[in-house]
Amino acid sequence: MDTTIIERWKLCICASFIGCIILVLCLNQSRNSANLSALQNPAISITSFNQFPTPSIEFSNSANLSALQNPAISITSFNQFPTPSIEFSAASTLIVFRPKAVNHNEDRCNIFDGQWVYDSRARPFYEGPQCPFLSDQVSCRRNGRSDTDYEKWSWRAKGCEIPRFNATDMLERLRGKRVIIVGDSLNRNQWESLACLLYSAVPPSRAYIETRSSVYKVFRAKDYNCSVEFYWSPFLVQLDVKKENGTRVLRLDKLSSSARLWRGADIMVFNTGHWWAHQGKLRAWDLFQYRGKLVEEMEIESALDIAMKTWARWIRHKLDRNKTRVFFRSISPSHTGKQCYNETQPILDESDAASFPKSLTEIIEGTIKAMKNPVRYLNITNLSEYRRDAHPSIYSRKQEERQQRKEFHPDCSHWCLPGLPDTWNGLLYASLVFDTSGHISDS
């Protein structure tokens, strides 16, 4: 009897042990099948943390800032996140850490819509003495201007980050290329700025500068085989002076005679506007010529419209759109009269901003929008209207010249260098850096 019971217990124990082994094997097989089906199921996604942008972190008090300095607080792998940019307000009471954008591809960035930000520690990209070919007209500090706050304002776009101007990178982008800047003295102002920005990045012995002519100037970087040229053409169309009587004829349907030299450039920057608005003794023409006929009186809007269409036809027929990138800079505002005299701060009230005849601006913008060849519009007007502090004012002349003149009118049209035109060229650089197929918006 006892022997039978013992044998039965042994049989039960053996059966239980075998059952446990079978159960473990079944569970393991089930787990493997579940894992395999999860990998094969397209509805199941595996999320990478790299897909998410890093949140912005704001500190408004020194107490909060000190928390970062507390060694008791551990910070995990900051290398995972984009490097933040640091922005100080004018009063230096707020520090904002903003991570660089992760992806701009789907967003259009209007680099001309933004605000001016003051930074007391900011320094210009170059100093006047580093740019010996700067004209007296824009060399404000050399001519005795002592305040420097106008050099400490930087332009920040809303909703996107503008790449900071990098002269070496710009030279690399221009390697083997030719840039021309065509227009009036404000485009000459922009040429001087760009030439100085690039000149500061090359040894003086490896640069060639020619500035003696009033109608043509050039900067060449020998090691990059690139050039930046300026052509004087305030109307873009031809202005002739008749030898027999000195009559000045503005030929609306004929492009400037220097246009034959523009061809072949890789990047073109044009402007016009100011000289069309001159009246009285400042007006540069006596007669218009259109379709072979001389016209004494014509609405300025009509004349500019014809001239802009002449320029647009030249762009369409004479340029290779696959080679040449064309830019048109908008009107540079003038703070006429004495609106810039002794001004050291930008305009804060929009109602005090400078204005230019809207009808002329609309003609220029309308022509550009109607063109089949893509033209990038450098819309610097609004951002420049606030900068009455950045004009040369009385510092467009050397001190001894100012003392010799009994009456001297402040220059509230051009801009000190270093100064505002460096921002214009920064936006030109940004336009070259960004993908022009969809990243930048002109309006």
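The coordinates are above.
Residues numbered from 1 in each chain as written. Predicted model: local features only at pLDDT ≥ 70, side-chain atom pairs only at ≥ 80, totals over all residues. Heavy atoms only, no water.

J.: Explain the nonpolar core to me, please; I cannot follow it from the model alone.
T.: Soluble globular proteins: nonpolar side chains tend toward being buried together. Core analysis: the largest hydrophobic core is formed by 55 residues, its most contacted members being Leu198 and Phe219. In terms of residue count, helix H4 (residues 185-199) provides more of this core than any other element does, eight residues in total. Contacts of Leu198, omitting those with residues within four sequence positions, involve Phe165, Ala167, Met170, Leu171, Leu174, Phe219 and Val228. By size, the runner-up hydrophobic cluster in this structure holds 39 residues, among which are Val182, Met268, Val326 and Ile331. (Core = buried A, V, L, I, M, F, W, Y, C linked by side-chain atoms within 4.5 Å. Buried < 20%, exposed > 50% of the residue type's maximum accessible area, 1.4 Å probe, protein only. Helix = DSSP H or I, 4+ residues; strand = E, 2+ residues; numbered from the N terminus. Contact = heavy atoms within 4.5 Å.)

J.: Whenever I open this one, the sheet that holds strand S15 (residues 325-329) confuses me. Can you help?
T.: To summarise the sheet geometry, strands pair through backbone hydrogen bonds and adopt either a parallel or an antiparallel arrangement. Within the open sheet, the seven strands sit side by side as S7-S8-S9-S6-S12-S15-S16. Their pairing is mixed. Edge positions in the open sheet fall to strand S7 (207-210) and strand S16 (375-378), since each of these has one partner strand only. Between one strand and the next, the sheet's axes are offset by a mean angle of 15 degrees, whatever the strand orientation. One ladder, built from four bridges, connects strand S12 (residues 267-270) with S15; its direction is parallel. Paired with Phe270 across the bridge in S15 is Phe328. Sheet strands in contact with H4 are strand S6 (178-183), S7, strand S8 (216-221), strand S9 (226-232), S12 and S15, and its direction is about 160 degrees off that of S9. Strands in contact with helix H8 (residues 358-370) are S15 and S16; relative to S16, the strand with the most contacts, it is inclined by about 150 degrees. (Pairing = 2+ DSSP bridges. Axes fitted to C-alpha atoms, helices over the stretch in contact; angles between N-to-C directions.)

J.: Can you walk me through H4 in this structure?
T.: Given 3.6 residues per turn, any residue in an α-helix points the same way as the ones three and four places further on. Taking 1.5 Å of rise per residue, the 15 residues of H4 would be expected to cover 21 Å, and the 20 Å separating its terminal C-alpha atoms lies within 8% of that figure. Among the 15 residues that make up H4, 15 are buried, leaving the element largely enclosed by the rest of the structure. In this structure Asp184 caps H4, since a side-chain oxygen of it lies 2.9 Å from the backbone nitrogen of Leu186. (Expected span 1.5 Å × (residues − 1). Polar contact = N/O pair within 3.5 Å; in protein donor to acceptor, adjacent residues only side chain to side chain.)

J.: Would you mind going over the packing of aromatic side chains with me for this structure?
T.: Any two aromatic rings considered together are summarised by their centre-to-centre distance and by the angle between their planes. Under the defined criterion, the tally for this structure stands at 18 aromatic pairs. With a centroid separation of 5.5 Å and 65 degrees between ring planes, the pair formed by Trp262 and Phe270 is classed as edge-to-face. Like Trp262, the residue Phe270 is buried in the burial classification. Aromatic rings pair up to connect Trp232, Phe235, Trp275, Trp276, Trp285 and Phe288 into one cluster. In this structure, Arg387 packs its charged tip against the face of Trp116, placed 4.7 Å from the ring centre. (Phe/Tyr/Trp six-rings, centres within 6.5 Å; stacked < 30°, edge-to-face > 60°. Lys NZ or Arg CZ within 6 Å of the ring centre and 35° of its normal.)

J.: So what exactly am I meant to see when it comes to a nonpolar patch on the surface here?
T.: On the surface, Phe17, Ile18, Ile21 and Ile22 cluster together into a nonpolar patch covering about 390 Å² of accessible area. As for its placement among the helices and strands, Phe17 is situated in helix H1 (residues 2-40). (Patch = residues over 30% accessible without salt bridge, like charges linked within 9 Å, V, L, I, M, F, W, Y side chains within 5 Å. Areas by Shrake-Rupley, 256 points an atom, 1.4 Å probe, with all protein chains shown as cover. Salt bridge = Lys/Arg side-chain N within 4 Å of Asp/Glu carboxyl O.)

J.: Just to check I follow, could you spell out the state of the cysteines for this structure?
T.: On inspection of all chains with the given rule, the structure shows four disulfides. Put simply, Cys340 and Cys412 are joined by a disulfide, and their sulfur atoms are 2.0 Å apart. Residues Cys340 and Cys412 share a disulfide whose torsion about the S-S bond is about -80 degrees; that sign makes it left-handed. You can see Cys340 sitting in the loop between S15 and H8 and its partner Cys412 sitting in the loop between helix H10 (399-404) and helix H11 (420-433), a full 72 residues away along the chain. Here the two residues Cys340 and Cys412 agree in accessibility, since each one is buried. (Disulfide = S-S within 2.5 Å.)

J.: Is there a simple way to think about the sheet that holds strand S13 (residues 287-290) in this case?
T.: Pairing is mixed in the open sheet, where four strands are placed in the order S10-S11-S13-S14. The open sheet terminates on both sides in strands that have one partner only, identified here as strand S10 (237-241) and strand S14 (293-295). Adjacent strand axes in the sheet meet at a mean angle of 30 degrees, parallel and antiparallel pairs treated alike. Two elements, S10 and strand S11 (residues 248-255), share five bridges in a ladder whose sense is antiparallel. Looking across to S11, one finds that Val237 is bridged to Leu255. The strands touched by helix H7 (residues 300-318) within the sheet are S10, S11 and S13, with S11 carrying the most contacts at an inclination of about 40 degrees.

J.: Before we go on, may I ask you to explain the pattern of salt bridges in this structure?
T.: Should the charged atoms of two oppositely charged side chains come close, the side chains can pair. Per the counting criterion, the structure on display carries 17 salt bridges. Among the ionic pairs, Arg212 bridges to Glu210, the shortest N-O distance being 2.9 Å. Glu210 gets classed as buried once you look at its relative accessible area, which sits at 16%. Residues joined by salt bridges that share partners form a network here, namely Glu127, Arg141 and Glu151.

J.: Can you help me understand the pairing of S12 in this one?
T.: Both faces of S12 are covered, namely the face carrying Ile267 and Val269 and the face carrying Met268 and Phe270. Relative to S12, S6 is paired through four bridges, and the arrangement is parallel. Paired with Val182 across the bridge in S12 is Phe270.

J.: Would you mind going over a positive patch on the surface with me for this structure?
T.: On the surface, Arg291, Arg313, Arg316 and Lys372 cluster together into a positively charged patch. Checked against the element boundaries, Arg316 lands in helix H7. Take Arg316: its relative accessible area is 38%, and that puts it in the partly exposed class. (Lys, Arg positive; Asp, Glu negative; His and termini not counted. Charge placed at Lys NZ, Arg CZ, Asp CG, Glu CD.)

J.: How should the environment of Ser227 be read in this particular structure?
T.: Among the secondary structure elements, Ser227 is positioned in strand S9. Exposure remark for Ser227: the relative accessible area of 9% places this residue in the buried category. The sequence separation of Ser227 and Arg175 amounts to 52 residues, and the corresponding C-alpha distance is 8.9 Å. Residues in contact with Ser227, not counting those within four places in the same chain, are Lys177, Arg178, Val179, Val218, Phe219 and Arg220.

J.: Hey, could you run me through the environment of Gly426 in this one?
T.: Examined against the element boundaries, Gly426 turns out to sit in helix H11. Spatially, the C-alpha atoms of Gly426 and Phe165 are 5.3 Å apart, while their sequence positions differ by 261 residues.

J.: How should H11 be read in this particular structure?
T.: Between its terminal C-alpha atoms H11 stretches 20 Å, which fits the 20 Å expected from 14 residues at 1.5 Å a residue. Buried residues dominate H11, accounting for 13 of its 14 residues.

By themselves, these observations are geometric and do not establish any function.
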